[in-house]
Amino acid sequence: MIYGLIAVGYTMVYGIIGMINFAHGDVFMVGAFLALISILALGAGGIAAGPAALLLVLLLTVAFTALYGWTVERLAYRPLRGSFRLAPLISAIGMSIVLQNYVQIAQGARVKPLEPLVPGGITLLTEAGFAAQLSYMQMLIVAVTLGVLAVFTWLVTRTPLGRAMRACEQDRRMASLLGIDTDRTISLTFVIGAGLAAVAGMMYLLRYGVIDFYIGFLAGVKAFTAAVLGGIGSLPGAVLGGLLIGLIETFWSAYFSVQYKDVAAFSILVLTLVFLPTGLLGRAEVEKV
Amino acid sequence: MSAPAGVAEAPPRAAAPVAGALREAGLAALVALGLFGPMVGLRTEPGAGGLMLVQRWPTVALLCAMVFVGRFGLVWARSHRFPAFLPALARAVPLALALALLFALMLPPLPTGETLLSAGGHDRALALLALFVVAGGVFLALGWGRAAPAVAVASTRSGRWEGSLRRFGRVLGPLLLALALLLPALPWVGRYTLDLGILVLTYVMLGWGLNIVVGLAGLLDLGYVAFYAVGAYSYALLSTSLGWSFWLCLPLAGIMAAFAGILLGFPVLRLRGDYLAIVTLGFGEIIRIVLLNWVSLTGGPNGIGGIPRPSFFGLSFSAGGGPGSFADFFGLEPSPTHRVVFLYYLILALALLTNWVTIRLRRQPLGRAWEALREDEIACRALGINVTTTKLTAFALGAMFGGFAGAFFATRQAFISPESFTFLESAIVLAIVVLGGLGSQIGVAIAAVVMIGGFEVFRDLAEWRMLVFGGAMVLIMVLRPRGIVASRTPTVALGKRRAISGELVGEGHG
Amino acid sequence: MSGVAGTDILRVEDLSMRFGGLLAVAGVSFEAARGAITSLIGPNGAGKTTVFNCVTGFYRPTGGAVLLQAPEVAGGAPVALHRLAGHRIVRAGVARTFQNIRLFSGMTALENLLVAQHNALMAATGWGIGAVLGLVRYPRAEAAAIDRARAWLAATNLLERADDPAGALPYGAQRRLEIARAMCTDPLLLCLDEPAAGLNPRESDQLAALLLRIRSGEAPNGAPCSILLIEHDMGVVMRISDRVVVLDHGRKIADGTPAAVRADPKVIAAYLGEEEADEDAPAEAGVAGSGVAGAASGPGGTA
């Protein structure tokens, strides 16, 4: 689910400017940190845990992380628009390094633990020694993710902004000829992508309770895998891909070895690309000669 | 090329440049406040009963002020019609100043009672000054290269820079080579410099190896470190478990790496562009994770130690001298420097071998086919070029040189672990290639010297140097997206060879 | 019909190509005579380029056969092009150009022509290994390759631009260079996909002359070369073709000499159907962004 949220960001950016936003995973990491900081700040301000507080945290996190997304685009990518293909990629890798080390310096290299904010859950069934539990936390995560995705889908399919985004995706030059401010649209794409990554970061923090400055890289690569698996450029595909990657990882860890679960994710990536280059829900591109 | 540098959009009209610049700067500072406020201003620290927040508002204020000043300088400089040199200067000075200030800020606080001017702070002040000058110079050069008046057409503008660099380069190449050859003999060169030289040359070699894949064949490989790792581990395992000599294991390590390249290449080479990049990245990570977890073979996170050092035609470099050692044979005083010098020349020879093979291949059908592949794959197919094998040779050859470098790394360190083969290494090597200019041998060498050398000079700054490193990558890409040497020299000509502007050269799709 | 006698060099038999639910080519058969220029014409979407891509190995036909009858290549037996891998088509003796020019734009004109001789040169280098070591055979082979490239540059009037990057050449020169590049593979059959598109009338005339020289073998290769041509410029087609094959909606509707085809009521009907939609263009003007070709085809198409 979390991968799905990040994957949507990848797919959006890839769809609109055709580049892998390497720093996206790190934006997610920044989001997780900002969520942590917001929680602590609110806690210090006397607002204890509760639905209202969580909503506030969510809003703060999204707002601040979106600012990061905007800045990254502005500093590292916009000057390179229309430049050759490798330049934005290198720039993105550089940005990823910058973000990682910036957070490391600003917040320290140690892992940050946070005790669960939403304890408890309901027990679904109990068998000899086993208890299949569904914690409130998991339910919350699923609910928030679905809610955010619903809002996002509405945004993309029903609003002028969404139309502008899709137009830029199809043909950026034509879109700009038709009076769409492409720079602004791309900026907003990054902002929305970062916002989704922020939600993902917060969910990650709530779910696992431990974050450090390095979580972005792996999450980023896996989310990209999810995006590719679902068919890059396809938003529902990204969510589906994220779900699949999460499930495969869980089952792999349960039945095979935990150490190699990342290998499993990467192998899926390779296999998908080799045998199903357009992903599950992607559009086939016919090679024009 | 015509994109504005830095963060600005259209410059404010000349009507009220100062007011406009002030407004712009204010906005930038506001953004900075949003960025740095929570992240820098509130530091999470483990305290009693969980995490606590530590407040650091002065730092935030300082950062915002820096952004304000820097932005103001940029906008203000742009709004004036200076000769080409001045805006570059105006841009370079605040940037360098900001960088130096940033460093000053981030360093651990000085011991009480010392200031920057007292004995203890002296080194630091000097280092900061040096940083300021170097950074300023680099920004100036980069800015000047592109800040030429807009009347000049893009091609002639870059042409001028290229022209001077080319003229300079004709001297520079041999000069660098001579310097590299003579380095150990220079009187003021010590052990540290030699070690640094070895490190730089390793990256030069890696860069040249990757240049075959990315620069010539146009295949974006983000997992180059995998071949480096395969080479290093092959060498380490062969030499420790079988006891074979360096000169036998070195080619074997290269062959193993080339084999890994072919193995990876077969399934993925029909992928294009970014897909290929991400799969190679995945491959690099898979190799690393396998190395980390296959404890029985690779020792897992503990790595492999006690890797035999290379010998000079059977003569060892043992510190004690003794019969059969290098020092004994030549009647020299035993010294640990001998080995370092030997290693230095070894990697120099390996790097030059890479260069020689690349330069030769470029002038031959195979190399030309690589470049043609980068330009247009479909046309290659229509001309009867077997695209798959051509790509595979590039991949295998690049991998082989990576493997050689890996073997050298293993024998030099005598210890390897998966930690040395992270994605960051791939990124650094790729950055060297792209910064140097795709396909340009001399550019790659310069980029390696600047990046790795610069990286090492700021070793004391710990994590800060990574921050600066990443920032430098972004900045250089923004200022010179095509790298230092952006043009291409034809491999054959009827008349005089003329450089081809980078704008025409393809970048590859696969 | 030219006086060149001999068997057919290319036989297309019952060729079909299906993309998903769309049958782009339905059972087309025709022959191209050795030493002749065979043109493939037809309104938009008639399936010309699809046939062409099947012949040159870029598509694998879903039905039928493409046979290259080249005794000197395969010891008398025809080569089944439809079964060969893409890059082997050239070795069988078929070269092609592209509708949207595909040159190696960052490489010089000369380099482009050397890449075209890749296979021959690779053999001379001992597949790369010998050449690195500096074996003598290679320099000789390269000198020969450069000579041939020079001859083709001269034939296409590009000699003084030899060291210019292909991407910096004017449009017409790029078209000529692409033909020269295809000819450097030493083909038996040259397939040209709209070589006159975007050329002005004078350049079209030069192109026609060049094609005639290639056919007769006056051009540097020495041996006559058969040509398969897709072209919208009716002036060029009618002037130089020995035979014209007309496709419409994926089927062959006419096949014969230019004069016969022009008089064929079915052909007129097919093109008239097109004209109703597009008033002032006699043939297929304005197709694929090649407005110039349409303008140039005006007098020729009605001649």
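Source: prediction; values computed, not measured.

## Section: the overall build of chain C
- Looking only at helices and strands, chain C features 13 helices and ten strands.
- Counting only residues that meet the buried cut, chain C has 60% of its 303 residues in that class.
- Expressed as a percentage of contacts within chain C between residues at least 6 apart in sequence, the contacts between residues at least 24 apart total 68%.
- Total accessible area on chain C stands at roughly 11,500 Å², and carbon and sulfur atoms take up 55% of it.

## Some details on the sheet that holds strand β7 (residues 189-193) of chain C
All names here are of chain C.
- Here six strands make up an open sheet; going across it, the order is β6-β7-β8-β3-β9-β10 and the pairing mixed. Only two strands of the sheet have a single neighbouring strand rather than two, namely β6 (94-96) and β10 (251-256). Between one strand axis and the next, the sheet turns through 20 degrees on average, direction left out of account.
- Pairing geometry for strand β9 (residues 243-248) and β10, over five bridges, is antiparallel.

## Some points on the domain arrangement of chain C
Residue and element names in this part refer to chain C.
- Entries for chain C in the domain assignment read domain 1 (8-93 + 186-302) and domain 2 (101-181).
- Facing 20 residues of domain 1, the contacting portion of domain 2 comprises eleven residues.
- At the boundary of domain 1 with domain 2, total buried surface from both sides reaches about 1,200 Å², with 63% on carbon and sulfur atoms.
- Summed over the shared surface of domain 1 and domain 2, the result is one salt bridge.
- The shortest N-O distance in the salt bridge between arginine 148 and aspartate 186 comes to 3.8 Å.
- Of all the secondary structure elements, the ones that give two or more residues to the side of domain 1 that touches domain 2 are β7 and α9 (201-216).
- The dominant element in the side of domain 1 that touches domain 2, judged by the number of residues it contributes, is α9, at seven residues.

## A closer look at a nonpolar patch on the surface
- A contiguous nonpolar surface patch, about 340 Å² in accessible area, is contributed by Leu177, Leu181, Leu182 and Tyr345 of chain B.
- Note that leucine 182 of chain B resides in helix α5 (residues 154-182).

## Re empty space enclosed by the protein
- A complete count under the given rule lists eight cavities of 30 Å³ or more for this structure.
- Counted as a void, the largest cavity has a volume near 90 Å³.
- Together, 13 residues line the largest cavity, and Tyr10, Phe22, Phe217, Gly220 and Val221 of chain A are the ones closest to its centre.
- Elements that contribute at least two residues to the lining of the largest cavity include exactly α2 (24-44) and α9 (215-230) of chain A together with α9 (273-293) of chain B.

## Some words on helix α8 (residues 171-183) of chain C
- Between its terminal C-alpha atoms α8 of chain C stretches 19 Å, which fits the 18 Å expected from 13 residues at 1.5 Å a residue.
- Within the span of α8 of chain C, buried status applies to Gly172, Ala173, Gln174, Arg175, Arg176, Leu177, Glu178, Ile179, Ala180, Arg181, Ala182 and Met183 of chain C.

Calculation notes
- Residues numbered from 1 in each chain as written.
- Chains lettered and ligands numbered in written order.
- Predicted model: local features only at pLDDT ≥ 70, side-chain atom pairs only at ≥ 80, totals over all residues.
- Heavy atoms only, no water.
- Helix = DSSP H or I, 4+ residues; strand = E, 2+ residues; numbered from the N terminus.
- Buried < 20%, exposed > 50% of the residue type's maximum accessible area, 1.4 Å probe, protein only.
- Contact = heavy atoms within 4.5 Å.
- Areas by Shrake-Rupley, 256 points an atom, 1.4 Å probe, with all protein chains shown as cover.
- Pairing = 2+ DSSP bridges.
- Axes fitted to C-alpha atoms, helices over the stretch in contact; angles between N-to-C directions.
- Domains from an automatic or database assignment.
- Buried area = accessible area lost by both parts, 1.4 Å probe.
- Salt bridge = Lys/Arg side-chain N within 4 Å of Asp/Glu carboxyl O.
- Patch = residues over 30% accessible without salt bridge, like charges linked within 9 Å, V, L, I, M, F, W, Y side chains within 5 Å.
- 1 Å grid on protein atoms, 1.4 Å probe; cavity = no way out; pocket = protein on both sides within 12 Å on 5 of 7 lines; lining within 4 Å.
- Points joined across faces, edges and corners; volume = space filled by probe spheres on them.
- Expected span 1.5 Å × (residues − 1).

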